Amino acid sequence: MAKVTVSKVNKIYDNSFHAVINTSFVAEDKEFVILVGPSGCGKTTMLRMIAGLEEITSGKIYIGDKLVNNIPPKDRNIAMVFQNYALYPHMTVYQNMAFALKLRKTPKAEIDKKVKNAADLLGIGDLLQRKPKQLSGGQRQRVALGRAIVRQPKVFLFDEPLSNLDAKLRVQMRTEIIKLHKKLATTMIYVTHDQVEAMTMGDKIVVMKDGIIHQIDSPLNIYNSPINLFVAGFIGSPSINLIEGFIKNNDDLMFTSENFSLKLLPEHMEEVSAFKDKPVILGIRPEDIYDAQYDSNAQAPVQIDAVCEVVEPMGNEFIVFLSAGNTKLTARFDPKRYPEIDAKQTISLDMRKVLFFDPQTEKRLI
Ligand code: ATP
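Residues numbered from 1 in each chain as written. Predicted model: local features only at pLDDT ≥ 70, side-chain atom pairs only at ≥ 80, totals over all residues. Heavy atoms only, no water.

Asker: Whenever I open this one, unusual backbone geometry confuses me. Can you help?
Answerer: If a residue is not glycine, its phi is most likely negative; likewise, a peptide bond is most likely trans. Cis geometry is adopted by the peptide bond preceding P238, which originates at S237 and carries an omega value of -5°. Note on placement: P238 falls in the loop between helix 8 (229–234) and strand 11 (241–249). Non-glycine residue K8 carries a positive phi angle of around 50°. Within the fold, K8 resides in strand 1 (residues 4–12). (Helix = DSSP H or I, 4+ residues; strand = E, 2+ residues; numbered from the N terminus.)

Asker: I would appreciate a short explanation of the nonpolar core in the present structure.
Answerer: It is characteristic of soluble globular proteins that their nonpolar side chains tend to be buried jointly. By size, the foremost hydrophobic cluster in this structure holds 46 residues, and its most contacted members are V36, M97, V115, L145, F158, I177 and Y190. Not counting chain neighbours up to four residues away, the residues in contact with V36 comprise K43, T192, H193, D194, A198, I205, V206, V207, M208, F234 and I235. Grouped together as the second largest cluster of nonpolar side chains are 31 residues, F255, V302, A331 and L349 included. (Core = buried A, V, L, I, M, F, W, Y, C linked by side-chain atoms within 4.5 Å. Buried < 20%, exposed > 50% of the residue type's maximum accessible area, 1.4 Å probe, protein only. Contact = heavy atoms within 4.5 Å.)

Asker: How should the domain arrangement of the protein chain be read in this particular structure?
Answerer: Size of an interface, as often reported, equals the accessible area lost when the parts are brought together. Once the domains are mapped, the protein chain shows domain 1 (4–234) and domain 2 (241–357). Every contact between the two is made by 6 residues of domain 1 and, on the other side, 6 residues of domain 2. Summed over both sides, the interface of domain 1 with domain 2 buries roughly 600 Å², with 63% coming from carbon and sulfur. In terms of surface lost to domain 2, no three residues of domain 1 exceed Y223, L229 and A232, which account for 76% of the buried area on that side. For the interface between domain 1 and domain 2, the tally reads 0 salt bridges. Scanning the region where domain 1 abuts domain 2 turns up 2 residue pairs in polar contact (both at pLDDT 80 or more). Looking at the side of domain 1 that touches domain 2, the elements that each hand over two or more residues are helix 7 (219–224) and helix 8. The residue makeup of the side of domain 1 that touches domain 2, split by class, is 4 nonpolar, 2 polar and no charged. (Domains from an automatic or database assignment. Buried area = accessible area lost by both parts, 1.4 Å probe. Salt bridge = Lys/Arg side-chain N within 4 Å of Asp/Glu carboxyl O. Polar contact = N/O pair within 3.5 Å; in protein donor to acceptor, adjacent residues only side chain to side chain. Nonpolar A, V, L, I, M, F, W, Y, C, P; charged D, E, K, R; others polar.)

Asker: Please explain the pairing of strand 16 (residues 302–313) as it appears in this structure.
Answerer: Consecutive side chains along a regular strand alternate between the two faces of the sheet. Note that strand 16 and strand 19 (residues 344–349) share 6 bridges and pair antiparallel. From the neighbouring strand, D305 faces strand 19, where its bridge partner is T346. As judged from the 6 bridges shared by strand 16 and strand 17 (residues 318–324), these two strands associate in the antiparallel manner. Bridging from a neighbouring strand, V311 pairs with V320 of strand 17. Hairpin connection of strand 16 to strand 17: 4 residues between the antiparallel strands, including G315 at a positive phi of 100°. (Pairing = 2+ DSSP bridges.)

Asker: How should helix 1 (residues 43–51) be read in this particular structure?
Answerer: The periodicity of an α-helix, 3.6 residues per turn, causes residues three or four places apart in sequence to face the same way. Within helix 1, 7 of the 9 residues are buried, leaving the element largely enclosed by the surrounding structure. The set of residues buried in helix 1 consists of K43, T45, M46, L47, M49, I50 and A51. Phi turns positive one or two residues past the end of helix 1, at G52, with a value near 90°.

Asker: For this particular structure, what's the right way to read the packing of aromatic side chains?
Answerer: The geometry of an aromatic ring pair comes down to the distance between the two centres and the angle between the two planes. Enumeration over the complete set of coordinates arrives at 6 aromatic pairs. Judged by centre distance (5.9 Å) and plane angle (55°), the rings of F32 and Y190 are tilted. Taken as a pair, F32 in strand 3 (residues 32–36) and Y190 in strand 8 (residues 187–192) lie far apart in primary sequence, 158 residues in all. Of the two residues examined, F32 and Y190, each falls in the buried class. Every member of this aromatic cluster is reached through a ring pair, and the members are F32, F156, F158 and Y190. Positioned above the aromatic ring of F275 is the side chain of K278, whose terminal nitrogen or guanidinium carbon lies 5.9 Å from the ring centre. Against the face of Y223 rests R285, its NZ or CZ located 3.9 Å from the ring centre. (Phe/Tyr/Trp six-rings, centres within 6.5 Å; stacked < 30°, edge-to-face > 60°. Lys NZ or Arg CZ within 6 Å of the ring centre and 35° of its normal.)

Asker: Even after reading the chapter, I still don't get the environment of I71, so can you show me in this structure?
Answerer: Along the chain, the position of I71 falls in the loop between strand 5 (66–67) and strand 6 (78–81). Here I71 is in contact with K66 and R76, once residues within four sequence places are set aside.

Asker: Could you clarify how one ought to interpret the environment of L262 in this entry?
Answerer: With respect to the helices and strands, the residue L262 is situated in strand 13 (residues 261–263). Along the primary structure L262 and Q303 are separated by 41 residues, whereas in three dimensions their C-alpha atoms are 8.1 Å apart. Aside from chain neighbours lying at most four places away, what touches L262 is L253, M254, F255, L282, V302, I304, L349 and M351.

What follows is the structure in structure tokens.
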């Protein structure tokens, strides 16, 4: 078991591209940490530096108390699981899983026990004599996981391990990896660009963009209290609605946009007091916008008129795309009533849930 400490790490590639910029975070012992961000943000580079597959330009990486900057990958006691499985095609599942142990000259009986235990854990005990080409994508990914498990590493590193799987299998494997983490009680660092994986799998999320860490926190804190516009927009699907406007504080505290005005709550005063007559961006998540007429949850008294443009019926909910003048809004309605397309639709906004951002610094007002 081990804690992983990344301290002020930079990576500048040979072509001078600064892929990871002054990055620090900690994965505590037994913690499941997710590195998430859009394509090209530097998350794979970060993971490869922890694994020792990529040199660090500056900074320090510790596994446990040991500085590993100059320690080769094979001596770091980590196991990495990749998106493309990287199985040996000419070997059976058993041989693939046993390979690293065989290299270490582990006794045969011990190898057998470890491979069979891992295979049982992953439900692939009956596939041990097959070759990788005789397996489905999900089964191959299980073998790749098994190969990592038998080594009993101090740290597991995952690089988008589920992206090659179809949607249903991805959901299933996601749960299996969560269970596996509980059973193995080992530190795991998991790279993904999928914000659903980030929200559902980890104890802690590290959100990256352009080589920089924007926020480190629990999934719910990241969702409810994003530090800036990027994090607010990246986490959550459909994305948070972001509306440009001004704060007015005459008789009532108001947010006024091009198309509508919203009365703010007294509790918002603290956040927006420095922004009187100044531009702000108001954020409201789709689930905090209700069908005013038909949804009994719509306690929020702040209502505006909109037009329903498109409805995506998901079964358990409707994703509704609305326009209020030029302002486009996305809402998640209870599927009580199919909203009428191109018809006027009164919506209510739960003002207790709104967030405010400074358009200049892009930071959330708190
Ligand atoms: P993805 O989700 O697409 O895999 P990522 O967040 O994992 O993206 P990285 O693979 O870490 O991103 O790449 C970060 C940046 O560094 C990208 O802009 C990439 O083009 C660049 N990069 C990666 N490897 C090299 C290299 N060997 N030389 C120069 N630039 C590189």
